[in-house]
Amino acid sequence: MRKFFKELLSNAVTLMVIVIILMMIIPIPVSIIDFVILLYWSLSMMILIITMSIHDPLEFSIFPTLLLITTLFGMGINVSTTRNILANGGSSGQVIAAFGNFVMQGNIVVGIIIYIIIVLMNFLVINKGAERVAEVAARFSLDAMPGKQMAIDSDLSTGTIDEKEAARRRMNVQRESDFYGSMDGATKIVKGDAVMSLITTVINLVGGIIIGMVQGGGDLATVAQTYSIATVGDGLVGQIPSLLVSTATGMIVTRAVAEGSLNEDISREFLAQPRAFMISGLIIMLLVVVPGVPVATCLVVGGGVAAAGFYLMRQMRNQPAVGRAMTAAPAGKGGGAPPAGAQGAAAKEAAPEKQAAPVNEADYFKDVNNVYKLLTVEPVELDFGYSLIPLADESVGGRLISRIVIFRRQYAQDMGFIVPSVRLRDSSTLGTNEYCIKIKGEEVARGEILTNYFLALESDDVEHEIDGIDTIEPAYGIPSKWIRPENREKAELYGYTVIDPLSVMVSHLSEVIKMHAHELITRQEVVRLVDNLKEKAPELIQEVIGPVVTYSMLQHVLMRLLEEGVSIKDLETIIETMASAITDKGMNPRDIDSITEQVRIALKRTITRMFCEDGNMKVVTLDADLERVMVDSLTKGENGYYLALSPDILQSVVRQTQAEIKKFNGLDQQPVILVSQVMRVHFYHMIGQFYPNVRVLSFNEVANNVQIQSIGSLKLESQPT
């Protein structure tokens with residue numbers, strides 16, 4: 001028996017649909033009709049309340065199907081009540097009779113007019129509007145699917161999300177499209193229900209009068225009175241739940257941008273405008289000057305609305321002070337320990353500081369420990385103008401902090417170095433749209449972005465020029481245009497690469513950090529990296545670090561590798577190679593350049609992977625005559641050998657390099673110059689000061705399975721005699 005009831009409950013919806021269909025065929029007693037009508041009302045009210053309580057339409061994704069079931073339920077009740085009205089002399093239960101008498105109040109014309117108004121309001125206003133909104137939402141949801149899928153793929157490729165989260169988001173995008181598509185069709189069902197209600201009303205009234213007069217033999221007035229009460233009551237009984245369901249339909253399709261339930265959204269957005277309350281209340285009170293207007297009513301209503309606005313304004317003024325004392329200060333909206341005026345508003349990236357109660361500046365610095373805090377130099381700082389604060393403020397949806405965290409994780413995976421925390425602060429000395437990047441307290445880069453625009457990067461494939469504000473992309477120096485958001489799709493069609501303002505700033509910050517990573521790897525960070533490796537190779541660390549390789553030597557080698565964009569993730573190989581170079585090959589521990597060259601050779605697979613594309617490495621080579629002249633010009637100084645080229649040859653090499661690296665434009669590879677091992681470090685020191693993004697490799701640093709393709713050569717130009 002228990003198993004039978006369990007199976008019955010699991011198939012309750014199927015049984016309900018079957019019963020609803022049978023209601024249209026099998027006559028239902030009048031006593032049961034009242035129960036079914038009240039059940040229909042309860043279901044409709046529950047649907048309306050649910051649509052007002054959910055945060056996201058997808059939380060109620062069964063709504064289109066449920067809408068079909070409730071509409072079918074209402075039609076089944078309508079058929080049953082029509083059958084009873086026509087067969088039982090206008091009697092179809094106490095609920096219908098009660099509503100008919102209550103609305104009509106003995107006046108047939110008034111009752112019918114009220115009923116027609118309700119039906120037309122439901123049909124022309126609510127149903128029609130919900131149908132149009134659902135149609136537009138379905139079309140736009142379908143059009144936006146490719147863009148949303150591309151955004152998910154982009155987040156997955158950059159490491160923002162994992163495979164599981166990407167699958168969940170793709171499923172939500174598909175469900176959203178299916179939901180609005182279903183809603184578009186479901187609104188047609190509601191519309192048809194309203195039309196059918198009008199038809200059954202006419203049938204009940206006309207058919208009832210005919211049956212009453214022909215079969216019952218009653219007079220016209222009595223018959224009309226009887227059947228009009230039943231008709232209006234039946235119509236209202238069906239239209240009230242239909243009105244509830246139609247309202248729920250309109251509510252769920254119009255809340256696409258809602259962030260909370262309906263009550264939460266109204267409390268947050270509608271009640272957050274006290275000035276509107278006060279102005280509206282004053283206008284209502286001013287209506288007393290109009291002759292004939294009820295003065296007392298205007299004053300009560302207007303005064304109440306204005307008083308509510310005044311109360312809300314006081315609450316909003318008091319709330320920020322409490323919030324500052326009780327909550328963590330978001331980026332750009334609160335300081336740390338120093339008092340107001342002692343330091344710009346700031347917040348640690350990914351770790352906002354608690355804001356202390358305001359303190360007098362003189363009293364604050366009486367404590368000598370607080371003065372020492374002024375001596376702290378942050379490794380990386382990002383200052384920005386007032387307009388850019390929302391990009392960092394997570395309380396208003398800013399994603400700057402999360403993007404920096406993603407970059408740190410990705411850089412650690414690629415390069416083996418953990419970028420230190422970035423200090424975020426707003427600055428009154430910058431323009432409202434400007435930002436400034438500092439390394440160890442000194443400015444190294446600056447940029448300007450427009451938060452209400454998109455940046456369109458120009459390329460050689462641009463078909464048509466688009467209107468916008470000309471600028472230069474700050475990270476890579478690409479000519480660009482700031483364009484309005486509505487022109488984004490047009491720019492992409494024209495061949496531009498379009499990126500959002502936050503990505504512009506994060507890309508610039510990440511490139512600056514990569515360029516200065518060798519300055520950020522401190523002795524303390526080297527110790528932490530060694531301690532991390534100690535868990536994997538304790539014998540190596542115990543035997544080598546200290547007796548053979550000091551932390552200072554290791555730091556300098558790591559700095560040189562990072563300076564040239566070489567990953568230090570394989571720290572075990574780096575330390576082993578350094579120890580072997582000193583103990584086995586007898587290299588001078590102070591000759592960091594030579595030791596670094598040995599490490600680079602040991603890391604040749606890593607170096608090849610970083611500067612190789614599909615097994616091919618495109619390079620610029622040195623002419624044999626030029627390389628011979630360079631070798632002959634090597635001069636030994638106090639700090640080792642250096643190139644002592646004549647100014648004419650140096651100028652020629654720099655000029656040729658500028659021309660050759662342009663050949664790498666459009667390639668997914670950094671410019672690479674391939675030289676002999678003996679010349680590599682010297683040539684890099686010479687050319688790196690002019691072109692820091694050019695990578696100089698030796699033949700010994702390229703893996704054997706790579707095909708080298710020379711696309712240019714630096715030659716020894718003839719010098720004037």
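Refer to the preceding data block for the structure.
Residues numbered from 1 in each chain as written. Predicted model: local features only at pLDDT ≥ 70, side-chain atom pairs only at ≥ 80, totals over all residues. Heavy atoms only, no water.

Draft legend 1. Inspection of the pattern of salt bridges at higher detail. A complete count under the given rule lists 20 salt bridges for this structure. For Glu701, the salt bridge goes to Arg600, with nearest N and O atoms at 2.8 Å. Residue Glu701 is found in the loop between strand 14 (695–698) and strand 15 (707–714), and its partner Arg600 is found in helix 23 (residues 592–602); the two are separated by 101 residues along the sequence. The residues Glu701 and Arg600 share a single accessibility class, namely buried. (Salt bridge = Lys/Arg side-chain N within 4 Å of Asp/Glu carboxyl O. Helix = DSSP H or I, 4+ residues; strand = E, 2+ residues; numbered from the N terminus. Buried < 20%, exposed > 50% of the residue type's maximum accessible area, 1.4 Å probe, protein only.)

Draft legend 2. Layout of the nonpolar core. In this structure, Leu382, Leu400, Leu554, Leu558 and Ile574 are the most contacted members of the largest nonpolar core, which totals 76 residues. Apart from residues lying up to four places away in sequence, Leu558 is in contact with Ile521, Val526, Leu529, Ile568, Leu571 and Ile574. Residues Ile20, Leu66, Phe73 and Phe179 belong to the second largest nonpolar core, which totals 29 residues. (Core = buried A, V, L, I, M, F, W, Y, C linked by side-chain atoms within 4.5 Å. Contact = heavy atoms within 4.5 Å.)

Draft legend 3. Representation of the sheet that holds strand 9 (residues 497–499) within the structure. Strand order in the open sheet made by the four strands is 7-8-6-9, with antiparallel pairing throughout. The two strands at the open ends of the sheet, each matched to only one other strand, are strand 7 (469–472) and strand 9. Adjacent strand axes in the sheet meet at a mean angle of 35 degrees, parallel and antiparallel pairs treated alike. Sheet analysis places strand 7 next to strand 8 (residues 479–483), joined by four bridges and oriented antiparallel. Counted as the bridge partner of Asp470 is Lys481 from strand 8. This element, helix 17 (residues 501–515), spans strand 6 (454–457), strand 8 and strand 9 of the sheet and lies at about 90 degrees to strand 9. (Pairing = 2+ DSSP bridges. Axes fitted to C-alpha atoms, helices over the stretch in contact; angles between N-to-C directions.)

Draft legend 4. Spotlight on the sheet that holds strand 13 (residues 672–675). With parallel pairing, the four strands of this open sheet are ordered in space as 14-13-10-15. Whereas interior strands pair on both sides, the edge strands pair on one side only; in this sheet they are strand 14 and strand 15. Between one strand and the next, the sheet's axes are offset by a mean angle of 40 degrees, whatever the strand orientation. Pairing geometry for strand 13 and strand 14, over four bridges, is parallel. Looking across to strand 14, one finds that Leu674 is bridged to Leu697. Taken strand by strand, helix 26 (residues 647–661) contacts strand 10 (616–622), strand 13 and strand 15, and its axis lies near 130 degrees from that of strand 15.

Draft legend 5. Structural detail: the environment of Tyr551. Structurally, Tyr551 can be placed in helix 21 (residues 551–563). On the basis of relative accessibility, which here comes to 28%, the residue Tyr551 falls in the partly exposed class. With 21 residues separating them in the primary sequence, Tyr551 and Val530 have C-alpha atoms 9.0 Å apart. Beyond its immediate stretch of four places on either side in the chain, Tyr551 contacts Arg523, Val526, Val527, Val530 and Ile545.

Draft legend 6. Quick look at the packing of helix 21 against helix 22 (residues 571–583). At their nearest, the axes of helix 21 and helix 22 sit 11 Å apart, and the two run at 120 degrees to each other. By the angle class used here, helix 21 and helix 22 are oblique. Seen from above, helix 21 lies across helix 22 with right-handed handedness. Of the residues in helix 22, those touching helix 21 at Met553, Leu554, Val557, Leu558 and Leu561 are Leu571, Ile574, Ile575, Met578 and Ile582. (Parallel < 35°, antiparallel > 145°, perpendicular 65-115°, else oblique. Left-handed = near helix turned anticlockwise from the far one by under 90°.)

Draft legend 7. How the structure looks around helix 17. For helix 17, which comprises 15 residues, the first-to-last C-alpha distance of 21 Å matches the rise-based estimate of 21 Å (1.5 Å per residue) to within 8%. Helix 17 sits mainly inside the fold: eleven of its 15 residues count as buried. Along helix 17, the positions that sit buried rather than exposed are Pro501, Leu502, Ser503, Val504, Met505, Val506, His508, Leu509, Ser510, Val512 and Ile513. Between the side-chain oxygen of the N-cap and the backbone nitrogen of Leu502 there are 3.2 Å, and the N-cap of helix 17 in question is Asp500. (Expected span 1.5 Å × (residues − 1). Polar contact = N/O pair within 3.5 Å; in protein donor to acceptor, adjacent residues only side chain to side chain.)

Draft legend 8. Broad picture of the packing of aromatic side chains. Taken as a whole and judged by the stated rule, the model has two aromatic pairs. The residue whose ring lies beneath Arg484 is Tyr453, and the NZ or CZ to ring-centre distance is 4.9 Å. (Phe/Tyr/Trp six-rings, centres within 6.5 Å; stacked < 30°, edge-to-face > 60°. Lys NZ or Arg CZ within 6 Å of the ring centre and 35° of its normal.)

Draft legend 9. Representation of unusual backbone geometry. Phi at Lys440 takes a positive value of approximately 55 degrees, unusual for a residue other than glycine. With respect to the helices, strands and loops of the structure, Lys440 is situated in the loop between strand 4 (434–439) and strand 5 (442–448).

Draft legend 10. Region of the structure containing the pairing of strand 4. Relative to strand 4, strand 2 (residues 380–384) is paired through five bridges, and the arrangement is antiparallel. The partner of Glu381 across the bridge, within strand 4, is Lys438. Pairing of strand 4 with strand 5 involves six bridges; the strand directions are antiparallel. Each residue of the ladder has a partner; that of Ile437, found in strand 5, is Ala445. Counted between consecutive antiparallel strands, the loop separating strand 4 from strand 5 contains two residues, among which Lys440 sits at a positive phi close to 55 degrees.

The values reported here are purely geometric and, on their own, carry no functional implication.
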